[in-house]
Amino acid sequence: MKSLLLGSAALALSATFALADTVRLGTEGAYPPYNFINDAGEVDGFERELGDELCKRAELTCEWVTNDWDSIIPNLVGGNYDTIMAGMSITDERDEVIDFTQAYIPPEASRYVGLSADADITGVVASQTGTIQAGYIAESGATLLEYATADELITALRSGEADSVFFQGAFLADIVAENDDIVWVGEPVPLGGGVGVGVRETDGELKDTLNAAITEMKEDGSLNEMLKKWFGEDTATF
Amino acid sequence: MRPAIFSSCTDPANLDMLPWLSCYLTTGKHLAFYASFGTVLLLLAVTAPLALLFGFAGASVARSRITPLAWLGKGYIAIVRGVPDIAFFLFFVIALDQAVEWLRHKVKCPDWDQPIRQGNDFVVCQIAKMPLNSAPQWVHEVYGFSLAMVTFAIVFGAFAANVLYGAMQAVPRAQIETAEAYGMSRSQSFWRIVVPQMWLYALPGLSNLWMVLIKATPLLFLLGVEDIVYWARELGGAKTTRFTEYPHDDWRMWYFLGLLLFYLAFTKLSEIVLTRITRRLSHGQATLGGEALRKDAQGGATA
């Protein structure tokens, strides 16, 4: 009922914004549990569920689109899709090019993994290109080894190309849980300002609509439930 | 979730190797992978004739006696051949897409008062979007595919133009002189003498281009089309048990091995077909190949 009310409020507020129009949601599709392609070949994951729910509450028709991580911002700016929901942390550098809604995932820990608990985290460290983790390694003084997708990182670690891998904790957690040879190294490092929906700077109305829907989900606790479902009971919530 | 093709696939964790594999290889994701082979073949089937057309036009224009036209043809060949493919693909497709939207914007939304370029953003009115935001996903995919096709045709057309230009020049001068002696006009001798004979000279260059084109198809993913290399990478990546019924380690090697075989088989097939075409075109030509064929035929007749 509440979502119905808010939906109609949003409708009334943004009379000029053509709500009947489809909003295209861009994602990477290679980043479980945030977003990935499931066995049936469809976009799935936390962001799929959240995005669909946000669209329902804001009464938008939404369509999912996958795009390479490398060119995910240029294609948003160029108008190929209207939002980015791809586990993208809010940072000042990105904020200069695009806008973010409020965070829908609180700031979370990035972590090192290696083949042993005393693996070298100051030597060659692998991370994904254009991520906050890659930025952190580049400034930490270690040698950064960049890969285009996250799942290449573990291969690089096993083949000995990298001494350790530094990446978002939630992505690594499943891998550590299921592979005996991969273990946590060192302490978690808090990075970034949380994950938000990326929108074009000129798309103020869409941003407001999404912000309203996220606020509503934060208030009624449904966002926290969703976070726990996908990231485990111990994950940070709002 | 879509029902699996085989009813036994509902609980793959309990299956043996072979049934497991048959289930694994028929997931929706794999079907999309197989379909992408069709995408690549379709691209080749459409792009090759289109590029040849661009090439033929480019070469004919470059040979023109009207100087500005000749400059146009030579400029096209020189510029497109000189720019790295990847830069061309990244720049040209975006420019083409934005040019289309800009034109539609000018026509459909004359009252629009905001600038189209706002900082980094390219903003046109909703009804000028190409394709429309509300269009189903397949329309977007077809549009993306068409952009890819045109881009491939332009790039490979420039190389083909250079090959055909050379081939046209290689047709023996004596042939054209004979045509002139018979009173043919320039365009008559072009269509009746030069064009039919130039293919033999063009074929080695064109077959090279065809091979390169086959191998260039992975550039499709740069244009947002999900091609076989994208799917091989996606399917081959290591999967944990949490989000798939079919967890596995890093299997990219096997998928890429499959792609290797596909490309090898396809280029081998192309070679066979091209050899046949060369043989056919050599008939009656005053070339080494043509002479050999003539002797063969004579030998066969006398024996």
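Bear in mind that the values here come from a model prediction, so they are computed numbers and not experimental data. Here the residue index of a chain counts from 1 through its sequence in written order. Numbering of ligands from 1 and lettering of chains from A proceed in the order in which they are written. Note on the predicted model: pLDDT of at least 70 is required for a residue's local features to be given, and 80 or more for side-chain atom pairs to be given and counted; whole-chain, interface and lining totals, by contrast, use all residues. As a rule here, side-chain values cover all heavy atoms of the structure and leave hydrogens and water aside.

Let's talk about the packing of aromatic side chains
Test applied: Stacked, tilted and edge-to-face are the three classes assigned to paired rings of Phe, Tyr and Trp, where Trp is represented by its six-membered ring and a pair needs centres within 6.5 Å; plane angles under 30 degrees give stacked, over 60 edge-to-face, the rest tilted. Here the term buried applies to any residue with accessible area under 20% of the maximum for its type, exposed to any over 50%, and partly exposed to those in between, with areas from a 1.4 Å probe on protein chains only.
Within this structure, the stated rule accounts for 31 aromatic pairs over all chains. For the pair Tyr31(A) and Tyr34(A), a centre-to-centre distance of 4.6 Å together with 10° between the ring planes defines the contact as stacked. On the basis of relative accessible area, Tyr31(A) is assigned to the buried category, the value being 3%. Ring pairs connect the aromatic residues Phe33(B), Tyr34(B), Phe37(B), Trp210(B), Tyr255(B), Phe262(B), Tyr263(B) and Phe266(B), which therefore count as one cluster.

Thoughts on the domain arrangement of chain A
Often, the extent of an interface is quoted as the loss of accessible area upon association of its parts. All names here are of chain A. Note the following rule: Residue ranges labeled as domains rest on an automatic or database domain assignment. Any two residues whose heavy atoms approach within 4.5 Å are treated as being in contact. Accessible area that two parts lose when put together, with a 1.4 Å probe and added across both, is what the buried area reports. Should a side-chain nitrogen of Lys or Arg be within 4 Å of a carboxyl oxygen of Asp or Glu, the pair is scored as a salt bridge. Throughout this description, a polar contact denotes any pair of N or O atoms lying within 3.5 Å of each other; where both atoms belong to protein, one of them has to be capable of donating a hydrogen while the other can accept it, and for residues adjacent in sequence the pair is counted only when both atoms sit in side chains. Residues are grouped as follows: Ala, Val, Leu, Ile, Met, Phe, Trp, Tyr, Cys and Pro are nonpolar; Asp, Glu, Lys and Arg are charged; every other residue, Gly included, is polar.
Here chain A is described as being made up of domain 1 (2-106 + 193-231) and domain 2 (108-191). A separation of 27 Å is found between the C-alpha centroids of domain 1 and domain 2. Contacts between the two partners involve 17 residues from domain 1 and, on the opposite side, 13 residues from domain 2. Both faces considered, domain 1 and domain 2 share a buried interface measuring about 1100 Å² in area, 47% of it formed by carbon and sulfur atoms. Contact with domain 2 buries area across many residues of domain 1, yet Tyr 31, Tyr 34 and Trp 69 alone supply 35% of it, more than any other trio. Taken together, the connections running from domain 1 to domain 2 amount to zero salt bridges. Here domain 1 and domain 2 share six residue pairs in polar contact (both at pLDDT 80 or more) between them. Considering only residue class, the side of domain 1 that touches domain 2 consists of ten nonpolar, four polar and three charged.

Describing the side chain of Arg111(A)
Residue and element names in this part refer to chain A. What counts is decided by this rule: For helices the rule is a DSSP run of H or I covering at least 4 residues; for strands it is a run of E covering at least 2, with both sets numbered from the N terminus onward. Charge assignment in this entry is limited to Lys and Arg as positive and Asp and Glu as negative, and neither His nor the chain termini are counted.
Turning to its location among the elements, Arg 111 is positioned in strand β8 (residues 108-114). Of the buried charged residues, Arg 111 lacks a salt bridge, with Glu 187 as the closest side chain of opposite charge at 5.9 Å. At 3.4 Å, the side chain of Arg 111 forms a polar contact with the backbone oxygen of Gly 186. Beyond its immediate chain neighbours, meaning those up to four positions away, Arg 111 contacts Val 165, Phe 166, Phe 167, Gly 169, Leu 172, Trp 184, Gly 186 and Pro 188.

So, a negative patch on the surface
Residues and elements named next belong to chain A. Going by this rule: Residues with no salt bridge and a relative accessible area higher than 30% make up the patches, which join like charges within 9 Å and nonpolar side chains (Val, Leu, Ile, Met, Phe, Trp, Tyr) within 5 Å. The Shrake-Rupley method, run with a 1.4 Å probe, gives the accessible areas here. Residue values count only the displayed protein chains as cover. One atom stands in for each charge, and that atom is NZ of Lys, CZ of Arg, CG of Asp or CD of Glu.
A cluster of like negative charges, contributed by Asp 92, Glu 93, Asp 95, Glu 96, Glu 139 and Glu 201, occupies part of the molecular surface. Examining the composition of the negative patch, we find that four residues originate from one element, helix α4 (residues 92-97), more than from any other. Its place among the elements puts Asp 92 in helix α4. According to the relative accessible area criterion, Asp 92 is exposed, its value standing at 64%.

Comments concerning the sheet that holds strand β11 (residues 164-168) of chain A
Residues and elements named next belong to chain A. Test applied: We treat two strands as partners when DSSP finds at least two bridges between them. Working convention: axes come from line fits to C-alpha atoms, limited for helices to the stretch in contact. Angles between N-to-C directions cover 0 to 180 degrees.
Within the open sheet, the five strands sit side by side as β10-β9-β11-β8-β12. Their pairing is mixed. The open sheet has two free edges, formed respectively by β10 (143-147) and β12 (183-191), since each of these has just one partner strand. With direction set aside, neighbouring strand axes in the sheet form an average angle of 25°. Where helix α6 (residues 151-158) meets the sheet, it contacts β8, β9 (124-128), β10 and β11, and its direction lies at approximately 160° from that of β11. Packed onto the sheet, helix α7 (residues 169-178) meets β8, β11 and β12 and runs at close to 125° relative to β11.

Focus: the interface of chain A and chain B
Facing 38 residues of chain A, the contacting portion of chain B comprises 35 residues. Summing both sides of the interface, chain A and chain B together bury roughly 3100 Å²; the carbon and sulfur share of this comes to 42%. Along the contact surface separating chain A from chain B lie two salt bridges. At the surface where chain A touches chain B, the tally comes to 17 residue pairs in polar contact (both at pLDDT 80 or more). Among the secondary structure elements, those contributing two or more residues to the side of chain A that touches chain B are β1 (22-27), β3 (35-37), β5 (61-66), α4, α6, α7 and α9 (222-231) of chain A. Broken down by element, the side of chain A that touches chain B gets its largest block of residues, four residues, from β5(A). For the side of chain A that touches chain B, the class distribution of residues is 13 nonpolar, eleven polar and 14 charged.

Comments concerning the packing of helix α2 (residues 28-62) of chain B against helix α5 (residues 137-170) of chain B
Residues and elements named next belong to chain B. Selection rule: Roughly parallel refers to an angle under 35 degrees, roughly antiparallel to one over 145, roughly perpendicular to one between 65 and 115, and oblique to any angle outside these ranges. Here a crossing is called left-handed whenever its near helix is offset anticlockwise from the far helix by less than a right angle, and right-handed whenever the offset is clockwise.
With their axes 5 Å apart at the nearest point, α2 and α5 run at an angle of 45° to one another. Classified by the angle between their axes, α2 and α5 sit oblique to one another. Crossing angle aside, the handedness with which α2 passes α5 is right-handed. Here the residues of the contact of α2 with α5 are counted per class, giving 22 nonpolar, six polar and no charged.

Some points on a nonpolar patch on the surface
Residue and element names in this part refer to chain B. Nonpolar side chains collect at one region of the surface, where Met 253, Trp 254, Leu 257, Leu 260 and Leu 264 lie side by side and expose about 570 Å² of accessible area between them. In this fold, Met 253 is placed in helix α9 (residues 252-282). The exposed category is assigned to Met 253, whose relative accessible area is 58%.

Quick notes on the pairing of β1(A)
All names here are of chain A. For β1, the tally of buried residues reaches six of six residues, placing the bulk of the element in the interior. Covered by surrounding structure in β1 are Thr 22, Arg 24 and Gly 26 together with Val 23, Leu 25 and Thr 27, the residues of both alternating faces. In this sheet, β5 lies alongside β1 in parallel orientation, the contact comprising six bridges. Looking at β5, one finds that Val 23 is bridged to Cys 62. With two bridges joining them, β1 and strand β6 (residues 83-84) adopt parallel strand pairing. Across the sheet, residue Gly 26 finds its bridge partner in β6, namely Ile 84.

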